[in-house]
Amino acid sequence: EDKVVQSPLSLVVHEGDTVTLNCSYEVTNFRSLLWYKQEKKAPTFLFMLTSSGIEKKSGRLSSILDKKELFSILNITATQTGDSAIYLCAVVASGSARQLTFGSGTQLTVLP
Amino acid sequence: DGGITQSPKYLFRKEGQNVTLSCEQNLNHDAMYWYRQDPGQGLRLIYYSQIVNDFQKGDIAEGYSVSREKKESFPLTVTSAQKNPTAFYLCASSPRFNSPLHFGNGTRLTVT
């Protein structure tokens, strides 16, 4: 059974701090790993990672994948209160008609 | 504007009643999905459909039913057989299999 584990489950920081969110996985026939940000409603897509060691970056957010050690990290630098959300990690297995296996998410709270 | 529309946003039902959640997309996406999200848990797949008139059970299909008579629409019925129906339900679509999902804003269902 495919498995995705995120840590920590929750995190409280102050504005300006840098955070690192972790996602480890056990998946047969790994194809890609995705990060989503969920505020109150719909998760919004952040990154899709398919290759090891290649950093994806968008503003203050960046992510990298390690296919040997089976994990990914999502970094957020200079956090702002608007970064407060649940961050979801999901893995796609090749040939899987079930699409994505999601982790339980990390609840990030950024205090002013 | 293209997107996924879920309605209603909030739904309250008495135990023993069936209820149907609406999901409509105008993105011309082939694949559509229903997920359930409980507090502290990731998204769990209920049903998915890769093409009109075809759908498959996900990991937690018991007590739910769907139909896919039109490409744009993928309604979910929560039946009285579902033991713990109170949850946040998210509908998603993707242009093709294994591409990032686009999510609706969700329906929060409360059954008392």
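Anything mentioned here points back to the structure above.
On a predicted model such as this, the values are computed, not experimentally measured, just so you know.

A. How the structure looks around the interface of chain B and chain A. In this complex, chain B contributes 25 residues to the contact, which on the side of chain A involves 21 residues. Summing both partners gives a buried area of about 1,800 Å² for chain B against chain A, and 55% of it is carried by carbon and sulfur. If you look at where chain B meets chain A, you find 0 salt bridges. In this assembly, chain B and chain A are joined by 2 residue pairs in polar contact (both at pLDDT 80 or more). Elements that contribute at least two residues to the side of chain B that touches chain A include exactly strand S4 (31-37), strand S5 (43-51) and strand S9 (87-94) of chain B. Here the side of chain B that touches chain A gets 4 residues from one element, more than from any other, and that element is S5(B).

B. Molecular detail of the pattern of salt bridges. Residues and elements named next belong to chain B. The final tally for this structure, using the stated rule, is 5 salt bridges over all chains. Between Asp30 and Lys71 there is a salt bridge; the shortest N-O distance is 3.3 Å. Separated by 41 residues along the polypeptide, Asp30 in the loop between strand S3 (19-25) and S4 and Lys71 in the loop between strand S7 (64-66) and strand S8 (76-78) bring together distant segments of the chain. Its relative accessible area of 35% is what places Asp30 among the partly exposed residues. As a salt-bridge pair, Arg44 and Asp38 come within 2.8 Å of each other at their nearest N and O atoms. Overall, Asp38 belongs to the buried group, its relative accessible area being 12%. Among the charged side chains, a salt-bridge network with shared partners connects Arg36, Asp38 and Arg44.

Rules and cut-offs
All residue numbers refer to position in the chain's written sequence, counted from 1. Whichever chain is written first becomes A and whichever ligand is written first becomes 1, with later ones labelled in order. Under the rules for a predicted model, residues below a pLDDT of 70 receive no local features and side-chain atom pairs below 80 are neither given nor counted, while totals for whole chains, interfaces and linings still include all residues. As a convention, hydrogens and water are excluded, and side-chain values are obtained from all of the structure's heavy atoms. It only takes one pair of heavy atoms within 4.5 Å for two residues to be counted as in contact. By convention, the term buried area covers the 1.4 Å-probe accessible surface removed from two parts as they join, with the contributions of both added. Here a salt bridge means any side-chain nitrogen of Lys or Arg lying within 4 Å of a carboxyl oxygen belonging to Asp or Glu. Here a polar contact means two N or O atoms within 3.5 Å. Within protein one must be a hydrogen donor candidate and the other an acceptor candidate, and residues neighboring in sequence count only if both atoms are side-chain atoms. Secondary structure elements are defined from DSSP: runs of H or I of at least 4 residues count as helices, runs of E of at least 2 residues count as strands, and each element is numbered from the N terminus. Think of it in three bands: residues with accessible area under 20% of the maximum for their type are buried, residues over 50% are exposed, and the middle band is partly exposed, with areas taken using a 1.4 Å probe on protein chains only.

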